[in-house]
Amino acid sequence: MKDGPDFTQIAALIGDPARANMLTALMSGMALTATELAQEAGITAQTASGHLSKLEAGGLLRQRKQGRHRYFSLADHDVGLVLEGLMGLAAKNGFLRTRTGPKDPELRQARVCYDHLAGALGVQMLDYATAQGFLIETEDALDITQAGTDFYQSVGIDFQPLQKSKRPLCKSCLDWSMRRTHLAGGLGKAVLDHVFEKGWASRPAGSRIVAFTKSGEAAFINTFCPGG
């Protein structure tokens, strides 16, 4: 390989089916134990331990110890963006799982992508923001305008911690179910936090679904994408 980043090792780590299932489970943003991840992958605890060690050594996972348990989570939001991007690429090229279930429509409507909102509602929100000139989308980036800053502050998003953070304020993330982009970055996280703080939606245990109440979904749309 010529000079530059060597992504083959990371690709190999993600490409194993068992490890891919564990990483997908962690896209909920929640930390899970090795036992829970073994169940997600359909493998034994001993086999899962080996996989988790490789993922941690490769910089894709981090672990925390609490009492007698070890909890694993994605290393950072960049890992989540890569995984969601790969899901979008796979969907675009027809590499889909043959099994579907009753939760699939809910996942496509609204779900957690590591720490921000994905799915139809996430894409709808970004569509509105770009149409109004709050966010400007280029081929590989999202930039916020002054009108956008004013808008998000007016609906209750606190920009002070976002501006102090080293994390990018806005990033685009390819949505695997919609095959279009949704809002990630610090602002994307702040919007999802706002949704939960307002009580508009909740997260079922062990799921990536963002379950909006009927009134909560109406409030979200009225706030972040009216007329959508």
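Starting from 1, residues in each chain are numbered consecutively following that chain's sequence as written. Local features in this predicted model are restricted to residues whose pLDDT is 70 or higher, and side-chain atom pairs enter the listing and the counts only when it is 80 or higher, whereas totals over whole chains, interfaces and linings include all residues. Calculation of side-chain values draws on the structure's entire complement of heavy atoms; hydrogens and water are dropped beforehand.

1. Considering unusual backbone geometry
Phi at Y114 is positive, roughly 65 degrees, even though this residue is not glycine. Numbering of helices and strands starts at the N terminus; helices are DSSP runs of H or I of at least 4 residues and strands are runs of E of at least 2. In this structure, Y114 sits in the loop between β4 (111-113) and β5 (116-118). Owing to a relative accessible area of 17%, Y114 belongs among the buried residues under this scheme. Relative accessibility decides the category of a residue: with a 1.4 Å probe and only protein chains considered, values under 20% of the type maximum give buried, values over 50% give exposed, and everything between is partly exposed.

2. Quick notes on the packing of helix α2 (residues 17-25) against helix α4 (residues 45-57)
Note on definitions: angles span 0 to 180 degrees between N-to-C directions of axes, and those axes are lines fitted to C-alpha atoms, for helices only across the stretch in contact. Viewed as axis vectors pointing N to C, α2 and α4 meet at an angle of 70 degrees, and their least axial separation amounts to 10 Å. Looking at the two axes, α2 sits roughly perpendicular to α4. Considering the relative orientation of α2 and α4, their crossing is right-handed. Along its contact with α2, which presents A18, R19, M22 and L23, the element α4 presents H51, L52, K54 and L55. Each angle gets one of four labels, with under 35 degrees taken as roughly parallel, over 145 as roughly antiparallel, 65 to 115 as roughly perpendicular, and the rest as oblique. Less than a right angle of anticlockwise turn of the near helix away from the far helix marks a crossing as left-handed, whereas a clockwise turn marks it as right-handed. For this analysis, residues touch if any pair of their heavy atoms sits within 4.5 Å.

3. Let's talk about the nonpolar core
Within this scheme, the nonpolar core is defined by two criteria: the residues are buried Ala, Val, Leu, Ile, Met, Phe, Trp, Tyr or Cys, and they are joined through side-chain atoms within 4.5 Å. Formed by 32 residues in total, the largest nonpolar core has its most connected members in L135, Y152, I157, L187, F212, F220 and F224. Within the residue set of this core, elements represented by two or more residues are α7 (120-131), α8 (146-154), α9 (159-164), α10 (185-197) and α11 (214-224). Excluding residues that lie within four positions of it along the chain, I157 makes contacts with Y152, L162, L187, A190, V191 and H194. If you look at the next biggest cluster of nonpolar residues, it comprises 28 residues, including L61, V79, L81 and A118.

4. Structural notes on the sheet that holds strand β2 (residues 61-66)
Strands in a sheet are paired, the pairing made by backbone hydrogen bonds, and the direction either parallel or antiparallel. What the three strands build is an open sheet, ordered β1-β3-β2; its pairing is antiparallel. Each having just a single partner strand, β1 (32-33) and β2 make up the two edges of the open sheet. When β2 meets strand β3 (residues 69-74), the two strands line up antiparallel, connected through six bridges. Within the sheet, the bridge partner assigned to L61 lies in β3 and is L74. Two strands are counted as paired when DSSP detects at least two bridges linking them.

5. Overview of the confidence of the model for the chain
The quantity called pLDDT is the predictor's confidence in a given residue, expressed from 0 to 100. Taken as a whole, the chain shows an average pLDDT of 89; of its residues, 95% reach a score of 70 or greater. Ranking the helices and strands of the chain by mean pLDDT puts α11 first, with 97, and helix α5 (residues 77-92) last, with 84.

6. Some points on the packing of aromatic side chains
For any pair of aromatic rings, the description rests on two quantities: the centre-to-centre distance and the angle between the ring planes. Any Phe, Tyr or Trp ring, taking Trp's six-membered ring, that has another such ring centre within 6.5 Å forms a pair; planes under 30 degrees apart are called stacked, those over 60 apart edge-to-face, and the others tilted. Within this structure, the stated rule accounts for seven aromatic pairs. Seen in terms of ring centroids, F134 and F151 are 4.4 Å apart; in terms of plane orientation they differ by 10 degrees. Their pairing is stacked. Placement of F134 in the loop between α7 and β6 (135-137) and of F151 in helix α8 is noted, with a sequence separation of 17 residues between them. Taken individually, F134 and F151 each receive the classification buried, so the pair is uniform in this respect.

7. Here's the deal with the side chain of R111
Structurally, the position occupied by R111 is in strand β4. Contacts described as polar in this section are N or O atom pairs within 3.5 Å, which, within protein, must combine one atom able to donate a hydrogen with one able to accept it, while residues neighboring in sequence count only if both atoms come from side chains. Separated by 3.0 Å, the side chain of R111 and the backbone oxygen of L107 make a polar contact.

8. A short note on the pattern of salt bridges
Every case where a carboxyl oxygen of Asp or Glu lies within 4 Å of a side-chain nitrogen of Lys or Arg is listed as a salt bridge. What the rule picks out here adds up to seven salt bridges. In this structure, K189 and D193 form a salt bridge, with 2.8 Å as the shortest nitrogen-oxygen distance. Taken together, the residues K189 and D193, both in helix α10 and four residues apart, mark about one turn of the helix. When its relative accessible area of 29% is taken as the criterion, D193 is described as partly exposed.

9. Looking at the packing of helix α3 (residues 34-41) against α4
Here α3 crosses α4 at 100 degrees, and the two axes come no closer than 9 Å. For the element pair α3 / α4, the angle class is roughly perpendicular. Taken together, the residues of α4 that come into contact with α3 (itself represented by A34, L37 and A38) are A45, A48 and L52. Throughout, the ten residues Ala, Val, Leu, Ile, Met, Phe, Trp, Tyr, Cys and Pro are labelled nonpolar, Asp, Glu, Lys and Arg are labelled charged, and all others, Gly among them, are labelled polar. Its residues assigned to classes, the contact of α3 with α4 shows six nonpolar, no polar and no charged.

10. Details of the pairing of β3
The pairing of β1 with β3 spans two bridges and is antiparallel. Each bridged residue has a counterpart across the sheet, and for T33 the counterpart in β3 is Y71. The loop that links β2 with its antiparallel partner β3 comprises two residues; one of these, G67, has a positive phi angle of about 65 degrees.

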